[in-house]
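Here's the letter readout for the chains.
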Amino acid sequence: MEITTLIFTVIPSLALIIVAIQVIQLFSRRYRFIRLLESFPGPTPHWWFGNSDQTSGDFDSLLQSVKYANDYAGMFPVWAGPFDVMLLSVHPTTAKTILAGTDPKDEFSYALLGPWMGEGLLLQSGQKWERTRRLLTPAFHTEILKTYMKVFDSAIGEMMSKWKRANEPVEIFHHVSLMTMDSMLKSLFSHDSQCQKESKKFKAACETIHSYSRRIIHERRLKMASEKQGERELDFLDILLLARDSDGEGLQDQEIQDEVDTFMFAGHDSTASSLSWCLYNLAAHPESQEACREEAKDILGSKEKFEWDDLRKMDMIWACIQESMRLYPAVTNVSRFTEREIALPDGRVVPKGIRVGVSLFALHRNPELWNDPDTYDPHRFLDGNETSGTLYMPFSVGPRNCIGKSFAQTQLKTAVANIVLKFKLETIPERPPKPESTLILRSKDGVYLNVTTL
């Protein structure tokens, strides 16, 4: 009886004490943040939901972040509920400073990516990140990228063959995602998944590579040990297997698997977003589309396919891609976790141990920096005047910028040049896209275009 009485009196009391301690710690955390961020005014948060209604990711909230750039001196706190906060930069003077260091990615914002990417470069920090970045850099050398041109041609050609058979509006984002995944698998493993021929194979391809990449890595090690050097062109996996430190140490199989997963899942989605929005903008601006088409014709001439040296001649095509990425960056926000205090140019100090973010969307539409910021005008990149003093960073900046930038640019140029040559793109007024930022910027109901073969 005494033991029963003890259980029903002591244990609930202990539970209440534990809960009380947790609550005290949470409120202590809240008031610590409030004290540290006194010099950073911002929009008033709801006592429980924080600023969630202003940062939901829909297009209106993205446009609101642009307005905040002028209201709150370029950087302001955004509360995610009552106990967690992020400092969000929306101006180049603060963004440049935040991204100049090697502070790690913010674990809270990138938590959902862990199960897919493991501990790949995107989520690493410190010496491990420095070592991996150094070992991966050769995989994006110009000579390697040149060999991917025929991979891109093949994947783009497969997508366009489906468009030629289309007799109704095409949901561009879906088709482009299949194409970029196809390109990734061929570039990573020299693997033809056939994912564009049957959309069900798209999911199967993702699951297969994620589940069996360790086996593929092991088999490739054995293959490389038995084949002659120069017998075939190297792919991404080969380069990772050959990578060595100055002391001769290479990447372990698990490290290689994490990098393959990171490159595949982060790379194909972001490139698909950039290309889809670019095609939409070309459809919405026929004069820019026609200018790209004429440029592509002149560059291709009597050749059957575009070559590596042709890419640097694509001035108008690249300007249209850049302008689209300015208005619709694939990744609308990047975030870090401060490992040190960061002194801003205006004298304020970002405290150590806090989440900080940079709104690329707000930077690219800031009226202080861009003339008519909401207007699609590729000539601002052709002239080169307006962008010289601004911060244009669809691939981020600083030491932790996107390592696959050149890979993505090559694929985007190749895709746009081929598509405008073969098709006329037109918007569907009754089905406008609805931009929405989740992990990347996509359209809530898809991106539908009329695609007519030329």
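Each remark here, short or long, concerns the structure printed above.
Residues numbered from 1 in each chain as written. Predicted model: local features only at pLDDT ≥ 70, side-chain atom pairs only at ≥ 80, totals over all residues. Heavy atoms only, no water.

J.: Would you explain the side chain of T414 in this entry?
T.: Considering the arrangement of structural elements, one finds T414 in helix α16 (residues 405–422). Contacts of T414, omitting those with residues within four sequence positions, involve M149, F152, D153, I156 and L311. (Helix = DSSP H or I, 4+ residues; strand = E, 2+ residues; numbered from the N terminus. Contact = heavy atoms within 4.5 Å.)

J.: Help me understand a nonpolar patch on the surface, please; the structure alone is not making it clear to me.
T.: Residues V19, V23, L26, F27, Y31 and I34 make up a contiguous nonpolar surface patch of about 510 Å² in total accessible area. Within the secondary structure layout, I34 lies in helix α1 (residues 2–36). I34 sits in the partly exposed class, given a relative accessible area of 35%. (Patch = residues over 30% accessible without salt bridge, like charges linked within 9 Å, V, L, I, M, F, W, Y side chains within 5 Å. Areas by Shrake-Rupley, 256 points an atom, 1.4 Å probe, with all protein chains shown as cover. Salt bridge = Lys/Arg side-chain N within 4 Å of Asp/Glu carboxyl O. Buried < 20%, exposed > 50% of the residue type's maximum accessible area, 1.4 Å probe, protein only.)

J.: Mind showing me how you'd approach helix α11 (residues 253–284) here?
T.: An α-helical turn contains 3.6 residues, so a residue and the one three or four places further along point in the same direction. The end-to-end C-alpha separation of α11 is 46 Å, in line with the 46 Å expected for 32 residues at 1.5 Å each. The element α11 is largely enclosed, with a buried count of 27 among its 32 residues. (Expected span 1.5 Å × (residues − 1).)

J.: How should I be thinking about the sheet that holds strand β8 (residues 423–427) in this particular structure?
T.: Backbone hydrogen bonds hold the strands of a sheet together, and the pairing may be parallel or antiparallel. In space, the three strands of this open sheet follow the order β3-β11-β8, with antiparallel pairing throughout. For this open sheet the edge positions go to β3 (170–171) and β8, each flanked by a neighbour on one side alone. Where β8 lies against strand β11 (residues 448–453), five bridges are found, and the strand directions are antiparallel. Across the sheet, residue K424 finds its bridge partner in β11, namely T452. (Pairing = 2+ DSSP bridges.)

J.: Got a minute to help me understand the layout of surface pockets in this structure?
T.: A water-sized probe, rolled over the atoms, reveals where empty space remains. Its volume calculated, the second largest pocket comes out at about 260 Å³. Only α9 (200–226) and α10 (236–242) provide two or more residues apiece to the lining of the second largest pocket. Among the elements that line the lining of the second largest pocket, the one with the most residues is α10, at three residues. Across the lining of the second largest pocket, the residue classes tally to four nonpolar, two polar and six charged. (1 Å grid on protein atoms, 1.4 Å probe; cavity = no way out; pocket = protein on both sides within 12 Å on 5 of 7 lines; lining within 4 Å. Points joined across faces, edges and corners; volume = space filled by probe spheres on them. Nonpolar A, V, L, I, M, F, W, Y, C, P; charged D, E, K, R; others polar.)

J.: Help me understand helix α3 (residues 92–99) in this model?
T.: In terms of burial, α3 is largely enclosed, as six of its eight residues are buried. Buried residues of α3: P92, T94, A95, T97, I98 and L99, and no others.

J.: What's the story with the pattern of salt bridges in this structure? I'm lost.
T.: Two side chains that carry opposite charge are able to pair once their charged atoms sit near each other. Within this structure, the stated rule accounts for 24 salt bridges. The shortest N-O distance in the salt bridge between D84 and R355 comes to 2.4 Å. Of this pair, D84 sits in the loop between β1 (75–79) and β2 (85–89) while R355 sits in strand β7 (residues 355–359); the two residues are 271 residues apart in sequence, bridging distant segments of the chain. As far as burial versus exposure is concerned, D84 and R355 are alike and both buried. The salt bridge involving R365 is made with D374; its shortest N-O contact spans 3.0 Å. The class of R365 is buried, set by a relative accessible area of 5%. On the basis of relative accessibility, which here comes to 52%, the residue D374 falls in the exposed class. Here the salt bridges do not stand alone but share partners, grouping R131, R134, D245 and E255 into one network.

J.: Can you help me understand the pairing of β11 in this one?
T.: A regular strand carries its side chains on alternate faces of the sheet. Where β3 lies against β11, two bridges are found, and the strand directions are antiparallel. When the sheet's bridge partners are listed, V170 is paired in β11 with L449.

J.: Explain the packing of aromatic side chains here, please?
T.: Between two aromatic rings, the relevant description is the distance of the centres plus the angle of the planes. Overall, the coordinates contain 20 aromatic pairs when judged by the stated rule. Relative to F361, the ring of F59 lies with its centre 6.0 Å away and its plane at 85°, an arrangement referred to as edge-to-face. Here F59, found in helix α2 (residues 59–71), pairs with F361, found in helix α14 (residues 360–364); they are 302 residues apart in sequence, far enough to count as distant. According to the relative accessible area criterion, F361 is buried, its value standing at 0%. A centroid spacing of 5.1 Å and a plane angle of 75° characterise the contact between Y68 and F76, whose relative ring orientation is edge-to-face. An aromatic cluster is present here, built from F140, Y148, F152, F236, F263 and F407 joined pairwise through their rings. Across the ring face of Y328, the terminal group of R365 is positioned such that the distance to the ring centre comes to 5.5 Å. Between the NZ or CZ atom of R431 and the centre of the ring of Y448, over which it lies, the distance is 3.6 Å. (Phe/Tyr/Trp six-rings, centres within 6.5 Å; stacked < 30°, edge-to-face > 60°. Lys NZ or Arg CZ within 6 Å of the ring centre and 35° of its normal.)

J.: Help me out: how do you make sense of the packing of helix α7 (residues 149–164) against α16 in this one?
T.: Packed helices, taken two at a time, are described by the angle their axes make and the gap between the axes. Relative to each other, α7 and α16 sit at 40°, their axes nearing to 10 Å. When the interaxial angle is binned, α7 and α16 end up oblique. Considering only the axes of α7 and α16, their crossing is right-handed. In this structure, α7 uses M149, F152, D153, I156, M159, M160 and W163 to contact α16, whose residues at the interface are F407, T410, Q411, T414, A415, N418, I419 and K422. Tallied by class, residues from the contact of α7 with α16 come to nine nonpolar, four polar and two charged. (Axes fitted to C-alpha atoms, helices over the stretch in contact; angles between N-to-C directions. Parallel < 35°, antiparallel > 145°, perpendicular 65-115°, else oblique. Left-handed = near helix turned anticlockwise from the far one by under 90°.)

J.: Help me out: how do you make sense of the nonpolar core in this one?
T.: One finds W163, I172, F236, L279 and I419 to be the most contacted residues of the largest nonpolar core, which totals 100 residues. In contact with W163, not counting residues within four places along its chain, are V170, I172, H175, L279, I419, F423 and V451. M75, L99, I342 and V356 belong to the second-largest nonpolar core, a separate cluster that totals 21 residues. (Core = buried A, V, L, I, M, F, W, Y, C linked by side-chain atoms within 4.5 Å.)

J.: How should the sheet that holds strand β4 (residues 333–337) be read in this particular structure?
T.: Strand order in the open sheet formed by four strands is β1-β2-β7-β4, with mixed pairing between adjacent strands. Because the sheet does not close on itself, it has two edges, and the strands there are β1 and β4. The average undirected angle you get between the axes of adjacent strands in this sheet is 30°. Sheet topology places β1 next to β2; five bridges connect them, and they run antiparallel. When the bridges of β2 are listed, W79 appears paired with V85. Lying on the sheet, α3 is in contact with β1, β2, β4 and β7; it crosses β7 at an angle near 130°.

J.: Whenever I open this one, the environment of D71 confuses me. Can you help?
T.: Along the chain, D71 turns up in helix α2. When its relative accessible area of 38% is taken as the criterion, D71 is described as partly exposed. When the C-alpha atoms of D71 and I17 are compared, they prove to be 43 Å apart, with 54 residues separating the residues in sequence. Engagement of the side chain of D71 in a polar contact is seen with the side chain of K67, the distance being 2.7 Å. (Polar contact = N/O pair within 3.5 Å; in protein donor to acceptor, adjacent residues only side chain to side chain.)

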